[in-house]
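Structure assessment
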Amino acid sequence: MISKNTICLWYDGTALDAATFYAKTFPDSALGAVHRAPGDFPSGKEGDVLTVEFTVLGIPCLGLNGGPAFKHSEAFSFQVATDDQAETDRLWNAIVGNGGQESECGWCKDKWGLSWQITPRALTEAFHDPDRAAAKRAFDAMMQMRKIDVAAIEAARKG
């Protein structure tokens, strides 16, 4: 049954590859139905994969092989709350190590151009510290990072 609200992500013929990667990489994720085109379309032929249903971290998604007209941008990203450095490293390295690229402050892109924020819970907690000076120290430390270093965030928070 199709969800009432599903995120539709546009791909250039690689929706099945992306959905398979997400299902293998992230917890509470799965590959669902693969739908093939009943006829030719601007970026494909009858029988080509047209859409792929999948779930990422419990969020229902639909991958659409719509062709090269539209690209992903940082205006949309998945923010993944991680519990520790090991989980942060595993997810970051899976994305970046599979043809993705690093960005600033815990952001990275997968090889399909989709943006991810790999955000340790310790970072979010530091930003909400009632001691605003501690929050600022953690924030300033984060601004110097690519992948978030939990120990460095906690040290900055403590001063």
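Residues numbered from 1 in each chain as written. Predicted model: local features only at pLDDT ≥ 70, side-chain atom pairs only at ≥ 80, totals over all residues. Heavy atoms only, no water.

A look at the packing of aromatic side chains
The final tally for this structure, using the stated rule, is 10 aromatic pairs. When the ring of Phe-78 is compared with that of Trp-116, the centres are 4.8 Å apart and the planes differ by 25°; the resulting orientation is stacked. Highlighted residues: Phe-78 in strand E5 (residues 77-82) and Trp-116 in strand E8 (residues 115-120), separated in sequence by 38 residues. Phe-78 gets classed as buried once you look at its relative accessible area, which sits at 4%. A network of ring pairs unites the aromatic residues Phe-21, Tyr-22, Phe-26, Phe-54, Phe-76, Phe-78, Trp-112 and Trp-116 as a single cluster. (Phe/Tyr/Trp six-rings, centres within 6.5 Å; stacked < 30°, edge-to-face > 60°. Helix = DSSP H or I, 4+ residues; strand = E, 2+ residues; numbered from the N terminus. Buried < 20%, exposed > 50% of the residue type's maximum accessible area, 1.4 Å probe, protein only.)

Topic: helix H5 (residues 150-158)
Helical geometry note: an α-helix holds 3.6 residues per turn, so side chains three or four residues apart project in the same direction. Every buried residue belonging to H5 is among Val-150, Ile-153 and Ala-156, and all of these are buried. One side of H5 holds all its buried residues, which, seen down the axis, span an arc of 130°. Projecting away from the buried face of H5 at angles above 90 degrees are the exposed residues Ala-151 and Lys-158. By the N-cap criterion, in which a side-chain oxygen at the helix start approaches the backbone nitrogen of a residue two or three places on, H5 is capped by Asp-149, the distance to Ala-151 being 3.1 Å. (Arc of directions from axis to C-beta. Polar contact = N/O pair within 3.5 Å; in protein donor to acceptor, adjacent residues only side chain to side chain.)

Concerning the environment of Thr-82
By the secondary structure assignment, Thr-82 is in strand E5. When the C-alpha positions of Thr-82 and Pro-120 are compared, they lie 4.4 Å apart, and in sequence the two are 38 residues distant. With residues up to four places along the chain from it excluded, the contact list for Thr-82 reads Glu-87, Thr-88, Leu-91, Ile-118, Thr-119, Pro-120 and Arg-121. (Contact = heavy atoms within 4.5 Å.)

Let's talk about the sheet that holds E8
Pairing within the open sheet is mixed, and its 4 strands lie in the order E5-E8-E7-E6. The sheet is open, and its two edges are formed by E5 and strand E6 (101-102), each paired on a single side. One ladder, built from 3 bridges, connects strand E7 (residues 107-109) with E8; its direction is antiparallel. Bridge pairing links Cys-108 to Trp-116 in E8. (Pairing = 2+ DSSP bridges.)

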